[in-house]
Amino acid sequence: MKILLFFLGLVILLAGCGGEPFHLRNSKPLNDLMRQGIYLHGVDPRSDFAIALREGLEDAGVSIKQDEKAAATTLSIISFKENRSVSGYSSTRQVREFSHSVSVNFRVKTPATPEGVERSVNTERSQVYDGQYVLGTAEEENVIKEELRREAVRLMLLRLQAIK
């Protein structure tokens, strides 16, 4: 009887796995216009965010064009803001927690939408501060900023996938 219930449960579980196929993160392809090439505008090519953006786009299979006319899509970064603020104090009024955030506003122009579509992404993360480990805290802050930039790029790619 236990074996019969086990197999019945297994069959029900397998039946529930049908439908929409499972995709790993970043494995869902961009549409054809995005894969034909994107021209980046409004971002300093040597900045940390621009490097993360180029890497994210290339990992998604996009070729980045140097000429706007050669690209099917134009991605304009309207604003990029990295912010750090104090979000927690100890009982002796010493800083104990920081909040880091990254905000990106961007516009996507395609032949179907010549006026462009504006979107924005925001990411945020907290950092616990310990005054005894100042060097480790500074390194942790750099890692958090890098992760926030990559997360913002990942969210931008999701917004790009939704644009037809």
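Residues numbered from 1 in each chain as written. Predicted model: local features only at pLDDT ≥ 70, side-chain atom pairs only at ≥ 80, totals over all residues. Heavy atoms only, no water.

Is there a simple way to think about the overall build of the protein chain in this case?
Across its full length, the protein chain carries four helices and five strands. Helices and strands appear in the protein chain in the N-to-C order α-α-β-α-β-β-β-β-α. For the protein chain, the residues scored as buried account for 32% of the 164 residues in total. (Helix = DSSP H or I, 4+ residues; strand = E, 2+ residues; numbered from the N terminus. Buried < 20%, exposed > 50% of the residue type's maximum accessible area, 1.4 Å probe, protein only.)

Which parts of the structure should I look at to understand the side chain of Thr74?
In this fold, Thr74 is placed in strand 3 (residues 73-89). Thr74 gets classed as buried once you look at its relative accessible area, which sits at 8%. Excluding anything up to four places from it in sequence, Thr74 contacts Tyr39, Glu68, Arg107, Val108 and Lys109. (Contact = heavy atoms within 4.5 Å.)

Just checking my understanding: could you explain a nonpolar patch on the surface for this structure?
On the surface, Met1, Leu4, Leu5, Leu8 and Ile12 cluster together into a nonpolar patch covering about 600 Å² of accessible area. Inspection of the secondary structure puts Met1 in the segment before helix 1 (2-16). (Patch = residues over 30% accessible without salt bridge, like charges linked within 9 Å, V, L, I, M, F, W, Y side chains within 5 Å. Areas by Shrake-Rupley, 256 points an atom, 1.4 Å probe, with all protein chains shown as cover. Salt bridge = Lys/Arg side-chain N within 4 Å of Asp/Glu carboxyl O.)

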